[in-house]
Amino acid sequence: MRLLLVEDDLDLAKGLLLALSAQGFVVNHVSTGKHALSSIKAKDCDAVILDLGLPDMDGLDLLKQSRQREGNLPVLVLTARDGIDDRIRGLDLGADDYLVKPFAMPELFARLRVIERRLGTAATHLIKLQQVELDTSAHLVRVEDEAVSLSRREFMLLKELMESAGRIKTREQLEASLYAWGEEVASNALEVHISNLRKKLPKDFIKTLRGVGYSVSVG
């Protein structure tokens, strides 16, 4: 799932970027409401983590404008405003969830998983295709009941392919699921990840459609 993190506290943002990336999310960080609206308008994210105390506009105004532009885009509010009136107003303006600072990272991850399930990108934490089983919650992969060690990006790539079983994923779609916006990507990076994955998976589990992309079959 691609997340837009809207947070002007750079130290907190840096910590969140590391923690969320380790959980398999692709995160783009902006520190102003203006940049957030541009990203939302470009449809560059699946969900938003929004701080209310932004330097150029109130986060609730941003929430209201995002709802007008993208009514179905999930928004999780992070804020130091813990008053009940603030929470009610945020929820009434369309926030899907509300987390008060300071918060525990595991709670944030759990709430994001709820959003992910609702979006349909994680209908279950277990995905099993042929002899391969992927556990999205525990970040584990088993092949014929034997645990397989994958790097973070290999796991993210396999997850994307298995969740889209039966459908072709283009190079651009797969790269977007692995790398944050603006992150420099080597021209052959995707092919290297695919090659490494194939060495750890059953033969022909990942299929190449030349000039189009990659896929895994349902059965």
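See above for the structure.
Please read these numbers as outputs of a predicted model, since none were measured by experiment.

Analysis parameters
- Each chain carries its own residue numbering, running from 1 in the written order of its sequence.
- In keeping with the predicted nature of the model, local features appear solely for residues at pLDDT of at least 70, side-chain atom pairs appear and are counted solely at 80 or more, and the whole-chain, interface and lining totals rest on all residues.
- Hydrogens are left out, water is left out, and the side-chain values use all remaining heavy atoms of the structure.
- Should DSSP find at least two bridges between two strands, the strands are taken to pair.
- Secondary structure elements are taken from DSSP: a helix is a run of H or I of four residues or more, a strand is a run of E of two residues or more, and numbering for both begins at the N terminus.
- Working convention: axes come from line fits to C-alpha atoms, limited for helices to the stretch in contact. Angles between N-to-C directions cover 0 to 180 degrees.
- The contact criterion used throughout is that any non-hydrogen atoms of two residues lie within 4.5 Å.
- Orientation is classified from the angle alone, with under 35 degrees giving roughly parallel, over 145 giving roughly antiparallel, 65 to 115 giving roughly perpendicular, and any other angle giving oblique.
- Using a 1.4 Å probe on the protein chains alone, a residue whose accessible area is under 20% of its type maximum counts as buried, one over 50% counts as exposed, and one in between counts as partly exposed.
- For our purposes a nonpolar core is just a set of buried Ala, Val, Leu, Ile, Met, Phe, Trp, Tyr and Cys residues, chained together by side-chain atoms within 4.5 Å.

### Things to note about the sheet that holds strand β4 (residues 75–79)
At step 1: Strand order across the open sheet formed by five strands is β2-β1-β3-β4-β5, with parallel pairing between neighbours. Of all strands in the sheet, those with a lone pairing partner are β2 (26–30) and β5 (97–100), marking the two edges. Sheet twist, expressed as the average angle between the axes of neighbouring strands with direction ignored, equals 20°.
At step 2: For strand β1 (residues 2–6) and strand β3 (residues 47–51), the ladder comprises four bridges, and the chain directions are parallel. Opposite L3, over in β3, you have A47 as the bridge partner.
At step 3: Contacts between helix α1 (residues 10–22) and the sheet are confined to β1, β2, β3 and β4, with β2 contributing the most and set at about 170° to the helix.

### Points about the packing of helix α7 (residues 171–178) against helix α8 (residues 189–200)
At step 1: The interhelical angle for the contact between α7 and α8, taken along N-to-C directions, is 85°, at an axis separation of 10 Å. Here α7 lies roughly perpendicular to α8, going by the angle between them. For the pair α7 and α8, contact is made by R171, L174, E175 and L178 and by L190, E191 and H193, respectively.

### Some remarks on the environment of Y214
At step 1: You can see Y214 is positioned in strand β12 (residues 213–215).
At step 2: Since its relative accessible area comes to 10%, Y214 is described here as buried.
At step 3: For Y214 and A22, which are 192 residues apart along the polypeptide, the C-alpha to C-alpha distance reads 24 Å.
At step 4: Leaving out residues up to four positions away in the same chain, Y214 has contacts with L161, R167, I168, K169, L174, L190, E191, I194, R198, I206, K207 and T208.

### Description of the sheet that holds strand β11 (residues 207–209)
At step 1: The strand order β10-β12-β11 describes an open sheet built from three strands, whose pairing is antiparallel. Of all the strands in the sheet, the pair left with one neighbour each is β10 (169–170) and β11.
At step 2: Across three bridges, the pairing between β11 and β12 is antiparallel. Bridging from a neighbouring strand, L209 pairs with G213 of β12.
At step 3: Of the strands in this sheet, β11 and β12 touch α8, which is tilted by about 25° from β12.

### What to know about the nonpolar core
At step 1: Residues L157, L158, L161, M162, L201, F205 and I206 are the most contacted members of the largest nonpolar core, which totals 27 residues.
At step 2: Among the elements of the structure, β6 (126–129), β7 (132–135), β8 (140–143), α6 (152–163), α7 and α8 are those that each provide at least two residues to this core.
At step 3: When residues of this core are assigned to their parent elements, the largest contribution, six residues, is made by α6.
At step 4: Beyond its immediate chain neighbours, meaning those up to four positions away, L201 contacts V132, V143, L158 and I206.

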